[in-house]
Amino acid sequence: MEKSERRLIPQKSNSFSFSSHRNKLQRTLSLGFINPNSNEKKTAEFLKNHIKEGHKNKKSENEPNNKNADNAEEANHILKFATLLQEIDLFLATVNDLEQPAEPPPELPEPVISKFLDMVEKVITKYCSGDEPWVPEDDDHPLLATINRVAIINSEIIKHYSNSKYTRIIDRSGSILHRCMVFLEDEFHLLLLEDHNANLCCIIPPPPKETEGNSEKPSLPYTSKIVERLRGIADSMISAGYVTECCQAFATARHNAFRSIISSLGYERSSIDDILRMPWEALEGQIPMWIKSCQHTIKEVIPCERELVEKVFSCNSKFSSDFFQNLAREAIIYHLTFPEAVVMTTQSIEKLFKVLDMYETLKESELLIDSLLLSEGEADDDPSLSYNLDLKSEVKSTRLYLGEAAVAIFCDLERSIKDDSSRSAMPGGAVHPLTRYVMNYLKLVCEYKNTMEHIFKEHYKPAHHNDDAADDNNNPFAAELTKLMDLLNENIEEKSRLYKDVSLSYIFLMNNGGYMGQKIKGSEEISMLLGASWARKRFSELRQYHKNYQRETWTKILACLKDDGLTVKGIVQKTVLKERFKSFNSMFEDIHRTQSAWVVSDEQLKSELKISVSAVLVPAYRSFTGRFEQHLGSGRHREKYIRFSPEDIEKYIEDLFEGTPMSMPRRR
Amino acid sequence: MPATDYQGSSVPFASLGRSILSIRRDQVHSMDGHDPSTEQELESFQRRVSDLFADLSSSPDQILSLAWIRKLLEGFLVSLEEFRVILFNHRAAVTRPPLDRMVSDFFERAVKALDLCNAVRDGVGQVCQWNKHVEIVVQSLASWCEVDESGAKKTRPFGEGQLRRGKKTLMDLNFLIMDEKESASASHRNRSFGRSKDPHKSSSSSPSHLSSGVHFRSLSWSVSRTWSAARQLQNIAANLNAPRGHDVTATAGLAMPVYTISTVLVFTMWALVAAVPCQDRGLQIHFSIPRNGFVWSPALLSLHEKIVEESKRKDRRNANGLMKEIYQIEKSSHQLLELLDGVEMPMGEEKENQLKNSVQELENVCEILKGGLEPLERQIREVFHRIVRSRTEGLDSLSHGNE
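Taken from UniProt, the Sequence similarities (unreviewed entry) comment for chain B reads in full: "Belongs to the ROH1 family." Per UniProt, chain B has the following entry under Subcellular location (unreviewed entry): "Membrane".

Chain A is annotated in an unreviewed UniProt entry as Exocyst subunit Exo70 family protein from Carex littledalei. The Function (unreviewed entry) field of the UniProt record for chain A holds the comment "Component of the exocyst complex." Taken from UniProt, the Sequence similarities (unreviewed entry) comment for chain A reads in full: "Belongs to the EXO70 family."

Below, the structure is given as structure tokens:
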């Protein structure tokens, strides 16, 4: 930097010092720009750099090591051009020094302007012909700065329109400016096509974004060099008054890029008609793709487009925000059609989870949109504010559709439970498929606990309104869940009545209750939602079933082992004793045969049952046999009545509830 | 009334999201299924629809203008809303045959309108884009007529640069409009960017200057190559017949509003497709409306005839859309282009006046579109939402009506 400054000073024997010229020029350029929105300081800075480059180039032409004969003509040309530039800048500085518009305006240095325009025309013709591509980085003449001068000259000499002697030069500068603008528009368009995302997307799917780690900032679709060039062209076109052309070219290209990015994400826009006709299996497969596309769009594409437009159009914030809002609206409404259509398909229980996934995606999107759209301190009267609110309400309304559908689907489970009235009992008292289905379903639903709670608070209107239902718990989801569990219990109790054997009906109740308890214990969410008192109530019910079972099955057999009625005046009644043993044996055999076929699949419950049975039966039997076996004599006669040792009893109890009918050998 | 139920909410669409259940809660005591004023209610609905079509026919030269289309949509929304109230007031009757079948038949038609809404919204976006070019033409050619520093009304001669700019933009615009015409048939639809994949290669081997409007060509955004607005319209209109006498008696007259709203729906969608560019436009649908069967039928049928006539006019047969403003853009821009083609500088006073007139015409259209397209797009979106909402409610009341 320092070096080039030093080199610049002695290079030319001009009548004015370069530094004062530069100051004037800087002022000229900064004031002379047409677009009031342009970021003047930045623009001037940009141009200043280009002008410096121009001087540097000119200097290097004077260097002795560059005396190549082929280059001599060109060097001369460049030298002439640089001189011309300085004269033009001097004119522009003079015009700008006038405090007020002079009447009549100062004379135009027509020959200089004319020559300058000739030069510009040559350059622009060269580039337009395509013989030589324009590469701004090794630009002989800083083209944009030159074009900017044409624009300023043009706006300056137009003031002379009433003077007919200038008509020709006015027309000329106008048409050359137009040619420059057409050229820049083409360049702008070609640069915009260098979108590496869009080009990549045509061939291979985009790399998974997650692997890029925590780099929060989305990467722009262009290299910073291209962004800089785009910005230069945009500045130039806007200051020349070609703002709509420039903005349109940009908007079209970026909308197209957005569309091709979206199509490359795998989610294809389908018509609502098609979605409604699609079988659920096919539709289900589309949902993750939709989610991916929606998230990618909102997290990556939209912020990235915003950054890009703000960089390229830093001098036109009105367009930046208009463009950004339009794109966001297109992108978001594009993604809303799908969930809207899914909600319209016939609802069924298995759709709940996908609906919830979509709901969560939109919920998250809403927050992101909030921060995206409403981040910059917008005034209340800013029309874009209502625009943004409108877009937000679009997302919200679709989310509400989904929420409503989720509530309806979930509450439909009530009906499914009520309507499940199979007339045949589960063999062996095993866990009923309904219990399994409902519990596993609820467990999955409760993985969405927070979302479900949120949705229920938003939508749930109990069918029997004005009941105490609304007040007994301010968590309507938990209330609905409790209601479902109660309904399931009722249904299971109903089903237990299908068993003729009362003991078996208790085993059935215990099995199902145990299964529910196990599932509830296994899910922190369900336990929390149902609450401790509910669990206690259920637990005591289970204990009651257990007791009832013991009473039903074992009370009668234990009565055989009682002393009552066995002795008359202290003498053991042998016939009664024999009868007692006989009935004990047959009862025990019966129980063993039937209940070994019963099913208790929960290991803990099973062993608890067996232990409790053993704990009552075995000591009673041991003591009874111990006290009375002597009265039965010995040998075969005795064995006829005392068929089991206490250890045998223990062993046979072990066979119970295994689901395989066992019979004990008639004789040992 | 449910119609007033969603006032005062800050979120317009969300408030529509209230389910019929909640409305029922609020209304259950004030409205008991059977209402002696049913006849009045149904009559007032017919009158409402009749007023709408009378209003739409009142100034024949405005038919298919942007303002007219917006009025039509507004009318559709109001009619739909009233229909919703009627369904609600007769929710018990709605669950009984044959009315249940008629109502669900209407909602099936309505759902088919949703895809049309989306396609037409895209078309409105397209017109919006064209209007940007009109804006440039006006900017470049009109600025010469009015700029003055002291405030005095002076006109400058047209400068050559601005004339060229105007001409280039007109050609771009022409390209875009023609391009849309070419691709309007479904078979040409899914093109990709109109340029080779490697822009640099092409720019170095051939002149990079692209004179036509390819810069502004939009990538196709349609749902699928085979989707057709014409076919969708036919589906919506299929088997729509006026209810027979015994159906009317069996439904206590309620078959009439169902048929009426279905017809309003079909006409509205048909007119939208007629007016706005969209994929595979076609206006061939069968309208079997008894000419004297309803108070609104003469007005509706005559509108239908006028629009069909318009579409058959020689200069409109290949139009992208019959919207009046699109026609004006095409007409004025052709005129301008012709004028500019033959122009020599300095141009004579007569030429200049012609030019100024055409620019003025274009400027008027441009202003109308600038102010009206965005609201139109929103209105179509609103139609979409309302259809979804009333369908959900309607089906809900069909399945739970007896509760």
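Relative to the elements of secondary structure, Ser-264 of chain A occurs in helix α10 (residues 243-264). A distance of 2.6 Å separates a polar atom in the side chain of Ser-264 of chain A from the backbone oxygen of Ile-261 of chain A.

Glancing now at the domain arrangement of chain A. Interfaces are often sized by the amount of accessible area the parts lose when they come together. All names here are of chain A. Structurally, chain A comprises domain 1 (19-193), domain 2 (265-413), domain 3 (420-551) and domain 4 (560-653). When the two sides are added together, the surface that domain 2 and domain 3 hide from each other amounts to roughly 1700 Å², 78% of it contributed by carbon and sulfur. Three residues stand out in domain 2 for area buried against domain 3, namely Phe-353, Phe-410 and Leu-413, and they jointly supply 38% of the buried area on that side. At the junction of domain 2 with domain 3, the criterion picks out one salt bridge. The interface formed by domain 2 and domain 3 holds seven residue pairs in polar contact (both at pLDDT 80 or more) in total. Only α14 (352-373) and α15 (383-419) provide two or more residues apiece to the side of domain 2 that touches domain 3.

Bringing the packing of helix α19 (residues 476-496) of chain A against helix α20 (residues 502-522) of chain A into the picture now. Residue and element names in this part refer to chain A. Here α19 crosses α20 at 160 degrees, and the two axes come no closer than 9 Å. The pairing of α19 with α20 is recorded here as roughly antiparallel in orientation. Judged by the sense of rotation from one axis to the other, the crossing of α19 with α20 is right-handed. Facing α19, whose interface residues are Met-485, Leu-488, Asn-489, Ile-492, Glu-493, Lys-495 and Ser-496, α20 presents Ser-505, Phe-508, Leu-509, Asn-512, Met-516 and Ile-520. Tallied by class, the residues present in the contact of α19 with α20 amount to seven nonpolar, four polar and two charged.

This brings us to unusual backbone geometry. Residue and element names in this part refer to chain B. Of note, the bond from Pro-97 into Pro-98 is cis; its omega dihedral lies within 30 degrees of zero at 0 degrees. The residue Pro-98 is located in the loop between α6 (91-94) and α7 (99-146) in this model. Despite not being glycine, Asn-239 has its phi angle at roughly 55 degrees, a positive value. On the secondary structure map, Asn-239 appears in the loop between α10 (229-237) and α11 (245-250). Residue classification places Asn-239 among the exposed positions, given a relative accessible area of 70%. Positive phi is not limited to glycine here, since Ala-252 has a value of about 55 degrees. In this structure, Ala-252 sits in the loop between α11 and α12 (255-275).

What counts, and where the lines are drawn
- Residues numbered from 1 in each chain as written.
- Chains lettered and ligands numbered in written order.
- Predicted model: local features only at pLDDT ≥ 70, side-chain atom pairs only at ≥ 80, totals over all residues.
- Heavy atoms only, no water.
- UniProt positions renumbered as here; feature names shortened; annotations may be inferred.
- Helix = DSSP H or I, 4+ residues; strand = E, 2+ residues; numbered from the N terminus.
- Polar contact = N/O pair within 3.5 Å; in protein donor to acceptor, adjacent residues only side chain to side chain.
- Domains from an automatic or database assignment.
- Buried area = accessible area lost by both parts, 1.4 Å probe.
- Salt bridge = Lys/Arg side-chain N within 4 Å of Asp/Glu carboxyl O.
- Axes fitted to C-alpha atoms, helices over the stretch in contact; angles between N-to-C directions.
- Parallel < 35°, antiparallel > 145°, perpendicular 65-115°, else oblique.
- Left-handed = near helix turned anticlockwise from the far one by under 90°.
- Contact = heavy atoms within 4.5 Å.
- Nonpolar A, V, L, I, M, F, W, Y, C, P; charged D, E, K, R; others polar.
- Buried < 20%, exposed > 50% of the residue type's maximum accessible area, 1.4 Å probe, protein only.

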